[in-house]
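Single-letter residue listing:
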Amino acid sequence: MVNTYNKIFKNEPYVTVYQRSDRPSSIFKKYIFDNERYETIDDLILTRERLIAISEHPNWPSFVSKPKKVYKLYNNSFKAEFPYIAGETLDDYIYNNNISFASWVKFISELEKKIMSVDEMVFSDVANANNIIMSKKDDNLNFTIIDPDDIQFGEYESYSFASLLGMRPWYGKDLSPGVKK
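Counting restarts for each chain: residues are numbered from 1 in the order of the written sequence. For a predicted model such as this one, the threshold for reporting local features is a pLDDT of at least 70, and the threshold for listing and counting side-chain atom pairs is 80 or more; totals across whole chains, interfaces and linings nevertheless cover every residue. Excluding hydrogens and water, the side-chain figures rest on all heavy atoms present in the structure.

Caption draft 1: Spatial organisation of the environment of Pro61. If you trace the backbone, Pro61 turns up in the loop between helix H1 (41–56) and strand E4 (69–70). Separated by 56 residues in the primary sequence, Pro61 and Ser117 place their C-alpha atoms 9.5 Å from one another. It only takes one pair of heavy atoms within 4.5 Å for two residues to be counted as in contact. Discounting chain neighbours no more than four positions away, the residues touching Pro61 are Val118, Met121 and Phe123. Helix numbering and strand numbering both begin at the N terminus, where a helix is a DSSP run of H or I of at least 4 residues and a strand a DSSP run of E of at least 2.

Caption draft 2: View of the sheet that holds strand E6 (residues 88–89). In space, the three strands of this open sheet follow the order E6-E8-E9, with antiparallel pairing throughout. Here the strands that pair on one side only, and so sit at the sheet edges, are E6 and strand E9 (140–145). Whether two strands pair comes down to DSSP finding at least two bridges between them. Relative to E9, strand E8 (residues 132–137) is paired through six bridges, and the arrangement is antiparallel. Pairing of Ser135 across the sheet is with Asn142, part of E9. Here the axes come from fitting lines to C-alpha atoms, over the contacting stretch only for helices, and the angles between their N-to-C directions go from 0 to 180 degrees. Across the sheet, helix H3 (residues 101–116) lies against E8 and E9, angled at about 40° from E9, the strand it touches most.

Caption draft 3: Region of interest: the nonpolar core. The term nonpolar core refers to a set of buried residues drawn from Ala, Val, Leu, Ile, Met, Phe, Trp, Tyr and Cys, joined through side-chain atoms within 4.5 Å. Three labels apply to residues, based on accessible area from a 1.4 Å probe with only protein chains included: buried if under 20% of the type maximum, exposed if over 50%, partly exposed otherwise in between. Phe123 and Ile145 are the most contacted members of the largest nonpolar core, which has 29 residues in total. Looking at this core, the elements that each hand over two or more residues are H1, strand E5 (77–83), helix H2 (90–96), H3, E8 and E9. Of the residues forming this core, the biggest block, four residues, is contributed by H1. When neighbours within four sequence positions are excluded, Ile145 is seen to be in contact with Phe63, Val64, Ser65, Leu111, Ile115, Phe123, Val126, Asn131 and Ile132.

This is the structure in structure tokens:
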């Protein structure tokens, strides 16, 4: 099989995020059992189940990406296909653009309003600026939250969070059950 990777966005022992040249409208995320991030195969299976629940969620927020397809578990890994979101990460957007204080306040206010309007979900990883993709349309600044794996909803706890939330010292492992907005 010919390697059709166009661009690799992330390559870690537990995950590879890439775009294929034959599927430019998609981003693929391969989840890999690694004995650390996924301590047991059941942890990996739970992540797959969470992604399926996200893809089937009838009221998933429109400002958060969700998988188009979640593939079968094979050889201790599985992949999920997400829509490609054109734009820049929040960090890159801030670095590459001269943003006025008023524009920044308006953006943060909109982000907060949208997140807080979804009562049944906790966005524990939103403080990671790489999980927010910025785009402009008709002079309006828009955003999409990517990497929904760690959104706490329904029966799914959040096992990861942005270090900016400062929760790590309170728990023995990356676990934030019961986090309230």
